[in-house]
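Per-entry structural report
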Amino acid sequence: MEVRDLKWYSPFLFFVGAILSFADSITDILTLVEFYRADHKTWFGVGLAFVLLPCLAFPILFHWVRAKDSWAKTALCAFHPFSAAFGRIEALIFCLKKWWYKDELDSNLSERAEEVLWHIDLAVLFEAALESAPQFIIQLYAINVQKEPPSIIQIISLAISFLVLAWAFTTTDKISLVNLDVLPSSGDLNNKCQLALYVTHLFLLSSRLLAICFFTVGYKWLVIAVLMPHSCVVLMVFIISNRDEYECSVGNVIPLILRIGIYYLRDDCIDVIDELWCIFLSHILFTIENFIMIVVFYSNYHLDAWYYLHVTVYVCVFSVLGSAMRILLLHRLSKRPN
């Protein structure tokens, strides 16, 4: 997103987004407290790892995007799980300044605002992939295998994590469409199309996360062996296709490594794919992977709970439906005159 793409309702979106980001991390931490009190030390440890993981990734991302800021500000704004929320608050303050001064802002402030907006676009994506999605999977896994009924905080945390995921990926779509030359700028995507993209993410994310979660119920850490090849292959394709633009340096290698944490959920974002046909192929691969995970799980665990069949059907149907809707929507947008 750029400053020129800001709308009159952007401050409201930044405000709501900041609340959701804060709520997501807070409810995740409260759920970890519940795990610890219930003596589920393994779930507590894994969940804690995915609370701390963004704390390591956010400072790198912050310094990479906003290199002009001091290390002290990097630590203050990024060395915690609330980096995306803090970024949205900064953007909200800028929007209020922009409104107060009636768009008459100096070039230095506008330049810093561009950095803040670019940082938000990446931070919400990393927040979704490195924290919200893993926490969603862990908590849904716990609900399926724990003997006690799920607590209220678990249900709330699940819902918020899913909302954050869908919102983050819809926001990322705007950048993807600009990089694909489908849109001249992210501000040109109307609300109707944004809503349609959001619905496709609801279908795709729910089916993908359910497939991962229930495969994990049956096969535990083997899920990594299923997810990592996809991420590594996409990363290799990206490196090969951009080999002339990237030098082998720490500043370039670390962001590439961080990308692996995103690719297991989606690989049609930012500058990963620059052709629409590659996006179509990507969704086909994701659908096949979902089919394999849920069918392998159901073939061995279908007698353990009555709802396993329903989950299997849901994953299969909505993987296809979500991918088909998204492909048709992207195709329609690509044919629309700019």
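One numbering rule holds for all chains: residues counted from 1, following each sequence as written. The predicted origin of the model limits local features to residues at a pLDDT of at least 70 and limits the giving and counting of side-chain atom pairs to 80 or more, whereas totals for whole chains, interfaces and linings rest on all residues. As a convention, hydrogens and water are excluded, and side-chain values are obtained from all of the structure's heavy atoms.

Here is the rule: UniProt positions are given in the numbering used here, feature names are shortened, and annotations may be inferred rather than shown by experiment.
In the nomenclature of an unreviewed UniProt entry, the chain corresponds to XK-related protein from the organism Pocillopora meandrina. The UniProt entry for the chain carries this comment under Sequence similarities (unreviewed entry): "Belongs to the XK family."

1. Description of the overall build of the chain
Cut-off, in case you're wondering: Per the convention used, a helix needs a DSSP run of H or I reaching at least four residues, while a strand needs a run of E reaching at least two, with both numbered from the N terminus. We call two residues in contact whenever any of their non-hydrogen atoms come within 4.5 Å of each other. Per-residue accessibility takes into account occlusion by the displayed protein chains alone, with areas from the Shrake-Rupley method and a 1.4 Å probe.
Within the chain, the secondary structure is distributed over 11 helices and zero strands. Sequence-ordered secondary structure for the chain, helices as α and strands as β, is α-α-α-α-α-α-α-α-α-α-α. Relative to all contacts within the chain whose residues are 6 or more apart in sequence, the contacts with residues 24 or more apart total 78%. Carbon together with sulfur atoms contributes 70% to the accessible area of the chain, which is approximately 16,600 Å² in total.

2. Points about the side chain of Ser323
The line we're drawing: Here's how the labels work: a residue is buried when its accessible area is under 20% of the maximum for its type, exposed when over 50%, partly exposed in between, all with a 1.4 Å probe on protein chains only. Two N or O atoms count as a polar contact when they lie within 3.5 Å, although within protein this holds only if one can serve as hydrogen donor and the other as acceptor, and sequence-adjacent residues are included solely when both atoms are side-chain atoms.
Summarising the element assignment, Ser323 is placed in helix H11 (residues 308–335). Looking at Ser323, the relative accessible area reads 6%, which means it is buried. There is a polar contact of 3.1 Å between the side chain of Ser323 and the side chain of Thr287. With residues near it in sequence (within four places) discarded, Ser323 still touches Leu204, His283, Thr287 and Phe318.

3. A few points about the nonpolar core
Which entries qualify depends on this criterion: In these notes, a set of buried Ala, Val, Leu, Ile, Met, Phe, Trp, Tyr and Cys residues joined through side-chain atoms within 4.5 Å is what counts as a nonpolar core.
Phe14, Leu165, Phe169, Leu209 and Leu265 are the most contacted members of the largest nonpolar core, which has 62 residues in total. Formed by seven residues, the second largest nonpolar core is a distinct cluster that contains Leu177, Leu189, Cys193 and Leu329.

4. Some thoughts on the packing of helix H2 (residues 41–65) against helix H3 (residues 71–78)
Applicable threshold: Interaxial angles span 0 to 180 degrees and are taken between N-to-C directions of axes, which are lines fitted to C-alpha atoms, for helices over the stretch in contact. With respect to orientation, any angle under 35 degrees is reported as roughly parallel, any angle over 145 as roughly antiparallel, any angle of 65 to 115 as roughly perpendicular, and every other angle as oblique. Helix crossings fall into two classes, left-handed where the near helix is turned counterclockwise from the far one by less than a right angle and right-handed where it is turned clockwise. Residues were grouped as follows: Ala, Val, Leu, Ile, Met, Phe, Trp, Tyr, Cys and Pro as nonpolar; Asp, Glu, Lys and Arg as charged; and all remaining residues, including Gly, as polar.
The contact between H2 and H3 brings their axes to 9 Å, and the two run at 135 degrees. Classified by the angle between their axes, H2 and H3 sit oblique to one another. For the crossing formed where H2 meets H3, the hand is right-handed. Two secondary-structure elements touch here, H2 through Cys55, Phe58, Pro59, Phe62 and His63 and H3 through Trp71, Lys73, Thr74, Cys77 and Ala78. Partitioned by chemical class, the residues of the contact of H2 with H3 number seven nonpolar, two polar and one charged.

5. Structural notes on the pattern of salt bridges
Any two side chains of opposite charge can pair, so long as their charged atoms come close to each other. Selection criterion: What counts as a salt bridge is simple: a side-chain nitrogen of Lys or Arg found within 4 Å of a carboxyl oxygen of Asp or Glu.
Scanning all chains against the criterion turns up two salt bridges. Between Asp39 and Lys41 there is a salt bridge, with its nearest N and O atoms 3.2 Å apart. On the basis of relative accessibility, which here comes to 53%, the residue Asp39 falls in the exposed class. By relative accessible area, Lys41 is classed as partly exposed at 44%.

6. Examining the packing of aromatic side chains
Cut-off, in case you're wondering: Two rings belonging to Phe, Tyr or Trp (six-membered ring only in the last case) form a pair when the distance between their centres is within 6.5 Å. Interplanar angles under 30 degrees mark stacking, angles over 60 mark edge-to-face geometry, and anything in between is tilted. Any Lys NZ or Arg CZ found within 6 Å of a ring centre and within 35 degrees of that ring's normal is scored as a charge over the ring.
For the structure on display, the rule yields nine aromatic pairs. Above the plane of the ring of Tyr36 lies Lys41, whose end atom (NZ or CZ) is 5.2 Å from the centre. In this arrangement the basic side chain of Arg88 is found over the ring face of Trp167, its NZ or CZ atom lying 5.7 Å from the centre.

7. Examining unusual backbone geometry
Residues other than glycine seldom take positive phi values, yet Asp39 does so here, at roughly 65 degrees. Turning to its location among the elements, Asp39 is positioned in the loop between helix H1 (10–37) and H2.

8. Description of the side chain of Ser157
By the secondary structure assignment, Ser157 is in helix H6 (residues 152–179). At a separation of 2.8 Å, a polar atom in the side chain of Ser157 contacts the side chain of Asp28.

9. Quick notes on the confidence of the model for the chain
In regions of low pLDDT, the predicted coordinates are not meant to be interpreted in detail. What counts, and what does not: Per-residue confidence from the predictor is given as pLDDT, running between 0 and 100.
When pLDDT is averaged along the chain, the result is 77; 76% of the residues meet or exceed 70. Mean pLDDT across the elements of the chain ranges from a minimum in helix H9 (residues 250–263), with 60, to a maximum in H1, with 88. The low-confidence segment residues 270–274, where pLDDT is below 50, has 23 contacts with residues more than four positions distant or belonging to other chains.

10. What to know about a nonpolar patch on the surface
Using the following cut-off: Here a patch means residues that are over 30% exposed by relative accessible area and free of salt bridges, tied together within 9 Å if like-charged and within 5 Å if nonpolar (Val, Leu, Ile, Met, Phe, Trp, Tyr).
On the surface, Leu281, Ile284, Leu285, Ile288 and Ile292 cluster together into a nonpolar patch covering about 430 Å² of accessible area. By the element assignment, Ile284 lies in helix H10 (residues 276–301).

11. Notes on H2
What counts here: Given a helix with a known number of residues, its expected span is that number minus one, times 1.5 Å.
With 25 residues, H2 should cover 36 Å at 1.5 Å per step; its first-to-last C-alpha distance of 37 Å lies within 8% of that length. Burial in H2 covers these residues: Trp43, Gly47, Val51, Pro54, Cys55, Ala57, Phe58, Pro59, Leu61, Phe62 and Val65.

12. Considering helix H4 (residues 83–100)
Look at H4: 26 Å from first C-alpha to last across 18 residues, which is about the 26 Å you get at 1.5 Å a residue. Those residues of H4 that fall on the buried side of the exposure criterion are Ser83, Ala84, Ala85, Gly87, Arg88, Ala91, Leu92, Phe94, Cys95 and Lys98.

13. Topic: the environment of Glu115
Relative to the elements of secondary structure, Glu115 occurs in helix H5 (residues 107–145). In this structure the C-alpha to C-alpha distance between Glu115 and Val65, which are 50 residues apart in sequence, comes to 6.7 Å.

14. Quick word on the UniProt feature "transmembrane region" (unreviewed entry) in the chain
The positions UniProt marks with the feature "transmembrane region" (unreviewed entry) are residues 12–36, 42–65, 152–170, 195–215, 222–240, 246–265, 277–299 and 305–329. The span residues 152–170 is 100% helix and 0% strand, and its two end C-alpha atoms sit 27 Å from each other. Along residues 195–215, the helical share is 100% and the strand share 0%, with 30 Å between the first and last C-alpha atoms.

15. Description of the packing of H1 against H4
Across the interface, H1 lies against H4 with an axial gap of 8 Å and an inter-helix angle of 160 degrees. Put simply, H1 runs roughly antiparallel to H4. In this structure, the crossing between H1 and H4 has a hand that is left-handed. For the pair formed by H1 and H4, the contact residues are Ser10, Pro11, Phe14, Phe15, Gly17, Ala18, Ser21 and Phe22 on the first element and Ala84, Ala85, Phe86, Arg88, Ile89, Ala91, Leu92 and Cys95 on the second.

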